[in-house]
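Take a look at the letters that make up each chain.
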Amino acid sequence: MIDSFEAVKTISRHRGDALIVAEMTTATELPVVSTRPELDLSFNWAAMGKGSSLALGLALARPERKVFMLDGDGALLMNLGSLVTIAQMAPPNLIHFLFNNGVYRCTGGQSLPRAGRIDFASLSQIVGYPNVYDFADLKTLENKIEMIINQEGLTFVNLQVTPGVGPPFPYVPVRDVVERFWSAL
Amino acid sequence: MTSSSKDLTGDRVIDKIKECGVTHIVWLPDGVASFMYQPMMTRKDFTLVQVCREGEALPIAAGLVLGGKKPLVLHQSTGIFESGDSIRLVASELHLPILMLIGYRSWKPNHNPPVIDSAAIFIEPILKAWGIKYYLLQSDDDVDIISTADMEAQKTRKPVVVLIARELQF
């Protein structure tokens, strides 16, 4: 299993000038380590599960930029149809990272429905993501991340992460985040 | 389903949407708006993003706006109820201008005869309660309302709704 925070650090280190949408747990972790905070949209109280849809819109609007979605498994279950919508549009510049910890971390770690028994990697493949990866250890992620980022085509990366404790979930007014992001683009 | 209604034609509405500079239509099929689909799909004026559930539409549109594009959200009024948290995200948190064209299910002129479909009973009170400005589009004579709503959205940086108010014709 991968420590979620370490995975976020790894992705952030290799991002270049990629745009990142981070939701829930990762939205509290990314701001701590981000190398390009002005290119981040970190939403931890904004709209659970809708980050992947927002990332799709961003990827369609800016095909010349890489867009990373840092999604949670609880969030994805709340917007599962978005997997199909994303696969239908298939933006080649979108990398959909799933932080799969089996719990709702923000509400205290309650288990997800069918936690640990949903094969999200296979699910994404079945709906039509052309590139799919499944990692359970940090070293493999670190070895593959450059190749994944430089590869063309819609990509799904299932990261088996530990539930962990992580930083608290402070309310951050997202308007400020949006204004900064908009100015940077 | 007919491709045009008595008083509202697809080409006229699509022309107006194009005139507003719309680049993408984020949509889910709806009987009320079906008169628009043939010109919408054949004229290739827009990139069409079809969603599985209406709640996806506004966040996708938000991403498009943030990336510099101009989307239109198009679905049925029942999708507004489904999209509650997405409307909150875009209107109250992100403050983004998004034009929405929404089919008014079971609309009747002046509610005569009285509507019994709760989708029609609740849609206007819900939009009012959420502070979302809306306009009614009933005929080709009204299509400038789309431009008005678009300008309102840009000015207020909020979603603005145009309700397609036509009786379904099968």
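Residues numbered from 1 in each chain as written. Chains lettered and ligands numbered in written order. Predicted model: local features only at pLDDT ≥ 70, side-chain atom pairs only at ≥ 80, totals over all residues. Heavy atoms only, no water.

On to the overall build of chain B. Tallying secondary structure elements over chain B gives seven helices and six strands in all. Its helices and strands in sequence order give chain B the pattern α-β-α-β-α-β-α-α-β-α-β-α-β, from N to C terminus. Compactness check: chain B gives a C-alpha radius of gyration of 15 Å against a globular reference of 15 Å for 170 residues, within 12% of the reference. Dimensions along the principal axes, computed over C-alpha positions, put chain B at roughly 40 × 35 × 30 Å. Counting across all 170 residues of chain B, residues that qualify as buried make up 57%. For chain B, the share of sequence-separated contacts (at least 6 apart) that also reach a separation of at least 24 residues comes to 77%. Accessible surface, chain B as shown: approximately 6,900 Å² in total, 51% of it carbon and sulfur. Here chain B holds 18 positive side-chain charges and 20 negative ones, and the gap between their average locations is 3 Å. (Helix = DSSP H or I, 4+ residues; strand = E, 2+ residues; numbered from the N terminus. Rg over C-alpha atoms; globule rule 2.2 N^0.38 Å. Buried < 20%, exposed > 50% of the residue type's maximum accessible area, 1.4 Å probe, protein only. Contact = heavy atoms within 4.5 Å. Areas by Shrake-Rupley, 256 points an atom, 1.4 Å probe, with all protein chains shown as cover. Lys, Arg positive; Asp, Glu negative; His and termini not counted. Charge placed at Lys NZ, Arg CZ, Asp CG, Glu CD.)

Before going further, it helps to spend a moment on the overall build of chain A. Counting secondary structure elements, chain A contains eight helices and eight strands. Taken over the C-alpha trace, chain A has a radius of gyration of 15 Å; the compact-globule value for 185 residues is 16 Å, and the two agree within 12%. The principal-axis extent of the C-alpha atoms belonging to chain A is close to 40 × 35 × 30 Å. Considering chain A as a whole, with its 185 residues, one finds that 54% of them fall into the buried category. Considering only residue pairs separated by 6 or more positions, chain A has 74% of its internal contacts joining residues 24 or more positions apart.

All names here are of chain A. Among the structural elements, V32 can be located in helix α2 (residues 25–33). Judged by relative accessible area, V32 falls into the exposed class, the value being 57%. C-alpha separation for the pair V32 and V8, spaced 24 residues apart in sequence, amounts to 9.8 Å.

Many analyses report the size of an interface as the accessible area lost when the parts associate. In this complex, chain B contributes 27 residues to the contact, which on the side of chain A involves 29 residues. Summing both sides of the interface, chain B and chain A together bury roughly 2,200 Å²; the carbon and sulfur share of this comes to 66%. On the chain B side of the interface with chain A, the three residues burying the most area are B:E56, B:L66 and B:E93, jointly 26% of the side's total. One salt bridge connects A:E179 with B:R157, and the closest N-O pair in it is separated by 2.9 Å. Secondary structure elements with two or more residues in the side of chain B that touches chain A: β2 (47–50), α3 (57–66) and α5 (84–94) of chain B. Residue contributions to the side of chain B that touches chain A peak at seven residues, all from α3(B). (Buried area = accessible area lost by both parts, 1.4 Å probe. Salt bridge = Lys/Arg side-chain N within 4 Å of Asp/Glu carboxyl O.)

Turning to the sheet that holds strand β3 (residues 71–76) of chain B, a few remarks are in order. All names here are of chain B. On the basis of which strands lie adjacent, the open sheet formed by six strands has the order β2-β1-β3-β4-β6-β5 and parallel pairing. Both outer strands of the open sheet, β2 and β5 (134–137), are each paired with one neighbouring strand and no more. Averaged over all adjacent pairs, the angle separating strand axes in this sheet is 20°, with direction ignored. By the bridge criterion, five bridges tie β3 to strand β4 (residues 98–103) in an arrangement that is parallel. Note on β4: the bridge partner recorded for V73 is M100. (Pairing = 2+ DSSP bridges. Axes fitted to C-alpha atoms, helices over the stretch in contact; angles between N-to-C directions.)

For the rest of this paragraph, the subject is the layout of surface pockets. Residues and elements named next belong to chain A. Put simply, the second largest pocket is a space of about 180 Å³. Lining the second largest pocket we find 16 residues, and of these N100, G116, I118, F120 and Q160 sit closest to its centre. Residues of the lining of the second largest pocket, tallied by class, amount to six nonpolar, six polar and four charged. (1 Å grid on protein atoms, 1.4 Å probe; cavity = no way out; pocket = protein on both sides within 12 Å on 5 of 7 lines; lining within 4 Å. Points joined across faces, edges and corners; volume = space filled by probe spheres on them. Nonpolar A, V, L, I, M, F, W, Y, C, P; charged D, E, K, R; others polar.)

Glancing now at the sheet that holds strand β1 (residues 19–23) of chain A. Residue and element names in this part refer to chain A. Taken together, the six strands give an open sheet; going across it, the order is β2-β1-β3-β4-β8-β7, and neighbouring strands pair in parallel fashion. Both edges of this open sheet fall to β2 (40–43) and β7 (131–135), since each of them pairs with a single strand only. When strand polarity is set aside, the average angle formed by the axes of neighbouring strands in this sheet is 10°.

Moving on, we get to the pairing of strand β8 (residues 155–160) of chain A. Residues and elements named next belong to chain A. Counting buried positions over the six residues of β8 gives five, a clear majority of the element. Pairing of β7 with β8, which is carried by five bridges, proceeds in the parallel orientation. When the sheet's bridge partners are listed, Y133 is paired in β8 with V157. In this view, the connection linking β7 to its parallel neighbour β8 by way of helix α7 (residues 138–150) has right-handed handedness. (Right-handed = clockwise from strand over helix to strand, strands pointing away.)

All names here are of chain B. In the predicted model, chain B carries a mean pLDDT of 92, and 95% of its residues have values of at least 70. In the model, residues 1–5 has pLDDT below 50 throughout and makes 17 contacts with residues more than four positions away in sequence or in other chains. Confidence estimates for the predicted assembly give a pTM of 0.95 and an ipTM of 0.95. (pLDDT = per-residue confidence, 0-100.)

So, on to the nonpolar core. Grouped together as the largest cluster of nonpolar side chains are 63 residues, with contacts concentrated most on A:L41, B:L94 and B:I98. No other element matches the eight residues that α3(B) contributes to this core. Ignoring anything within four residues of it in the chain, the contact list for A:L41 reads A:I20, A:V21, A:A22, A:L54, A:L58, A:V177, A:V178, A:F181 and B:L66. Among the nonpolar cores identified, the runner-up in size contains 28 residues, and B:V13, B:V32, B:Y37 and B:F46 belong to it. (Core = buried A, V, L, I, M, F, W, Y, C linked by side-chain atoms within 4.5 Å.)

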